[in-house]
Structures are given as structure tokens and as C-alpha cells.
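Report on the structure
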Amino acid sequence: MPENGAQKRSRSFLLAVEDQDFLLRDEMRPFRFGMEYAKAEFALRDWGVRSTIVVFGSARTPSPERAQAMAEAARGPAEKRAAKRAAEQSRLYEDARAFARIVSLRGGALAASGAPRDNVIATGGGPGIMEAANRGASEAGAPSIGFNITLPHEQNPNAWSTPALTFRFHYFAMRKMHLAMRANALAVFPGGFGTFDELFELLTLVQTSKASPRPIVLYGRAFWENAVNFSLLVEQGMIDEHDLSLFEIVDTPEEAWASLLRRGLQAAPVATPQEMPGMLPRRRRPAAERMPPPVPDKPKRGT
Ligand SMILES: Nc1ncnc2c1ncn2[C@@H]1O[C@H](COP(=O)(O)O)[C@@H](O)[C@H]1O
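Residues numbered from 1 in each chain as written. Predicted model: local features only at pLDDT ≥ 70, side-chain atom pairs only at ≥ 80, totals over all residues. Heavy atoms only, no water.

Put simply, the rule is: UniProt positions are given in the numbering used here, feature names are shortened, and annotations may be inferred rather than shown by experiment.
Within an unreviewed UniProt entry, the label attached to the protein chain reads AMP nucleosidase, and the organism entered is Roseomonas nitratireducens. Regarding the protein chain, the relevant UniProt record gives this comment under Catalytic activity (unreviewed entry): "AMP + H2O = D-ribose 5-phosphate + adenine".

1. Digging into the nonpolar core
Our working definition: To qualify as a nonpolar core, a set must consist of buried Ala, Val, Leu, Ile, Met, Phe, Trp, Tyr and Cys residues joined through side-chain atoms within 4.5 Å. Under the scheme applied here, a residue whose accessible area is under 20% of the maximum for its type counts as buried, over 50% as exposed, and between as partly exposed, the area being computed with a 1.4 Å probe on protein chains only. Secondary structure elements follow DSSP: runs of H or I of four or more residues count as helices, runs of E of two or more count as strands, with numbering from the N terminus. We call two residues contacting when some pair of their heavy atoms lies within 4.5 Å.
Core analysis: the biggest nonpolar cluster contains 37 residues, and Ile 145, Phe 147, Phe 167, Leu 218 and Phe 247 have the highest contact counts within it. With 4 residues, the top contributor of residues to this core is helix α8 (residues 193-207). Excluding residues that lie within four positions of it along the chain, Phe 167 makes contacts with Lys 39, Ala 40, Ala 43, Leu 44, Ile 145, Gly 146, Phe 147 and Asn 148.

2. As for the environment of Val 120
Looking at the element boundaries, Val 120 is found in strand β2 (residues 120-123). Using a relative accessible area of 0% as the deciding quantity, one classes Val 120 as buried. Along the backbone, Val 120 and Ala 164 are 44 residues apart, and their C-alpha atoms lie at a distance of 14 Å.

3. As for the site of the ligand
Here is the rule we go by: Here a residue is near a molecule or strand as soon as one of its heavy atoms is found within 4 Å of it. A 3.5 Å cut-off defines polar contacts: any pair of N or O atoms within that distance qualifies, except that in protein one atom must be a possible hydrogen donor and the other a possible acceptor, and neighbouring residues in sequence count only when both atoms are side-chain atoms. Computed with a 1.4 Å probe, the accessible areas rest on the Shrake-Rupley method; for each residue, only the protein chains presented here act as cover. Amino acids outside the nonpolar list (Ala, Val, Leu, Ile, Met, Phe, Trp, Tyr, Cys, Pro) and the charged list (Asp, Glu, Lys, Arg) are all regarded as polar, and Gly is one of them.
Inspection of the region around the ligand gives 18 residues, with Ala 59, Arg 175, Gly 192, Thr 195 and Glu 198 positioned closest. Between the ligand and the protein, one listed contact pairs an oxygen atom with a backbone N or O atom of Gly 57 at 3.5 Å. A distance of 2.9 Å is found between an oxygen atom of the ligand and a backbone nitrogen or oxygen belonging to Gly 194. Considering the ligand on its own, with 480 Å² of exposed area, one finds that the protein chains cover 87% of that surface. Element by element, the count of residues in the shell around the ligand is highest for α8, at 4 residues. Classifying every residue of the shell around the ligand by side-chain character gives 6 nonpolar, 10 polar and 2 charged.

4. With respect to the environment of Phe 189
Within the fold, Phe 189 resides in the loop between β5 (183-188) and α8. On the basis of relative accessible area, Phe 189 is assigned to the buried category, the value being 0%. Considering only alpha carbons, one finds Phe 189 and Gly 220, 31 residues apart in sequence, at a separation of 6.9 Å. Among residues more than four places away in sequence, those in contact with Phe 189 are Val 55, Phe 56, Gly 57, Leu 92, Asp 95, Ala 96, Phe 99, Ile 129, Thr 195, Tyr 219 and Trp 224.

5. A word on the side chain of Asn 134
If you trace the backbone, Asn 134 turns up in helix α6 (residues 129-139). Side-chain polar atoms of Asn 134 contact the side chain of Asn 158, separated by 2.9 Å. Not counting chain neighbours up to four residues away, the residues in contact with Asn 134 comprise Thr 123, Gly 125, Ser 144, Ile 145, Asn 158, Trp 160 and Ser 161.

6. Side note on α8
Quick note on the threshold: A helix's residues, less one, multiplied by 1.5 Å, set its expected span. By definition, the arc is the one covered by directions from the helix axis to the C-beta atoms.
Between its first and last C-alpha atoms α8 spans 20 Å; for 15 residues at 1.5 Å apiece the expected length is 21 Å, and the two agree. Those residues of α8 that sit buried are Thr 195, Glu 198, Leu 199, Leu 202, Leu 203 and Val 206. Down the axis of α8, the buried set is contained in an arc of 125°. They therefore lie on one face. Contact partners of the buried residues in α8: β1 (52-56), α7 (172-181), β5, β6 (216-219) and α9 (221-227). Ser 209 sits one or two positions beyond α8 and adopts a positive phi of about 60°.

7. Digging into the sheet that holds β6
Put simply, the rule is: By definition, two strands form a pair when at least two bridges between them are found by DSSP. To get an axis, fit a line to the C-alpha atoms, keeping to the stretch in contact for a helix; angles then go from 0 to 180 degrees between the N-to-C directions.
As summarised here, the arrangement of the 7 strands in space is β4-β3-β2-β1-β5-β6-β7, forming an open sheet in which the pairing is parallel. Edge positions in the open sheet fall to β4 (166-169) and β7 (248-250), since each of these has one partner strand only. Sheet twist, expressed as the mean angle between neighbouring strand axes with direction ignored, is 25°. Of the pairings in the sheet, the one linking β6 to β7 comprises 3 bridges and is parallel in character. The partner of Leu 218 across the bridge, within β7, is Ile 249. Across the sheet, helix α11 (residues 253-262) lies against β1, β5, β6 and β7, angled at about 155° from β7, the strand it touches most.

Next comes the structure, spelled out in C-alpha cells:
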């Protein structure tokens, strides 16, 4: 039977995308960029994700299991010191996990079938604090998002984000846009360059009114008050006094949740278990299920 027009168009599109050299040409960058936007957008729509609460924080914060393993393996004084620090830092992992559980249970991620999901936990999909937050959401039976990034050193998304909502971006910029665009609120745990970059980008967007105001909590007073001298920025006229009210520093998961509500977060009513057909099994994904389908994310030429 001869092909109709639609079939011909579809076949020539398939030929184009099968041809890696064609897709990877520099001139095709805007289309690759756009496809990264669309891929995540469609999946989030299919899952009814209307809004998110984004958790940022260090990729290096160890889980309690990892800290325990380090303690057991520690021999010399240096290893013992590292194990002690890991045990202290793993408390932040546990706090991020507890916070994500609270958000998922009370925020609206467990919406009844067909209803939009609000305040769904979203992270960078990597290890450390990101893993803790995806894990907490999973333990609440809720979906959660991992906006992961492909990096030159091989790394996989963590095992706890919902597989269909785990994306591997090539473009940092597109990933950041997806992280920001549905965020009802932000919780920022202690971290390094990546965390600071994400926090200050969001603060800049809100400060300049390029993004609407939204509740932001910085988790861990001892860390944030030492890491950033916000008062100096005011004293030196680098920011206005009222810019300090763009965020609040908190010290417990419950305090973080209360701060978000006080600052205007709308939490959806809690569904009863019978109303939660969206509830997901609580389990760590086996390795074979962890990798999302490949996207054309490794252009050889340029970025
Ligand atoms: N390995 C990573 N996978 C995904 N996202 C990552 C990874 N490393 C950093 N990020 C992003 O940046 C912050 C954490 O950076 P730190 O320098 O460790 O603070 C995290 O929120 C991710 O979105």
C-alpha cells in the first residue's frame, strides 16, 4: 500500500533523528535545546505535576548507611576523623529525607486520581541531599522528580526519584529552567558551588522580579550564618535590608514546613489512603530500572 502524506512526513522525520550527524550539527542546537524542554514538560504534564518544591543541597552529604560503612572501615586517625564528619553530616541527609516526607504527605503530591499534583518534590536527581529528598518522597508513597544532568565523569541518577520523572539533561540552562519554572518554594540545604549557584540564581530572579516571590528556606543556621555574611552585603550596600526577607533560616524539617506555610505556600488537603490511587510502592529501584530512556544528550560538537 502506498504511503500517505503523514506517513511520508513521519518517515522522513525518523530518518532525520536516526541520523546522529544531522542531529548533532551545531545548527541543530536550538532544536536539541527545545527537545530537552519538551521531553520533561510532556512527562510532567502526563503525571499531572502542577507545581513543585525544589530541594537543593550538597551532592556529597553521606547517607547514614554510607557513614556507618565509613566508620566500620576506618583504620587510621584520618579515616576516623572523616567517618566522624560523615556521621555528623548524615544528620542533614536524614533531615532532608524527613522534610521531603512531610512535604509529600501534606503538600498535595498524593493527589487523588486524575487531580493535579502540587508541591511535588524536585531535585537535581543526584546523590547526597538530592537522593535524601527523593528518598523521603518515595517513603511517603509520592512521586518525585530528578532533574539530573549528564556530567563528564560518569554518574547515574539516584535510585529514588520516580523513573518516568527522572530526566537526564545535557544543557544546564534548560535543567535550571525546569527546576525553577514550577517551583512553589525552595529548600536549600548546606552545599558547595552547585548549591550556591542554584540558590543565588533563584534569589536573583526573585530580587529582580523576573520570577514571582516564593517561600525560600535555608536549612541549617550554623552553616548559612558562617558561609555567607548577609549582614555585610547590607552594610556595604550590595543588597537592600529588605532583600534579607526573601528567605528564612530554619533548623528542623517541621520548622521548614511551618516557614513555607507562613510565607504563603498553599498546601493541598491531605488525601485519605483510599483517595490515594497515585500512591507508589516504597522501594529502591533495581539498577536495571534506574536509567531513563536515552535522549540525544551527548552532542559531539559544541554544546
Ligand atoms: N552529581 C550531580 N548530579 C546532579 N546534580 C548535581 C550533581 N552535582 C551537583 N549537582 C547540582 O548542584 C547542587 C549540588 O552541588 P554541590 O556543589 O555539591 O553543592 C545540587 O543541588 C544539584 O542540582
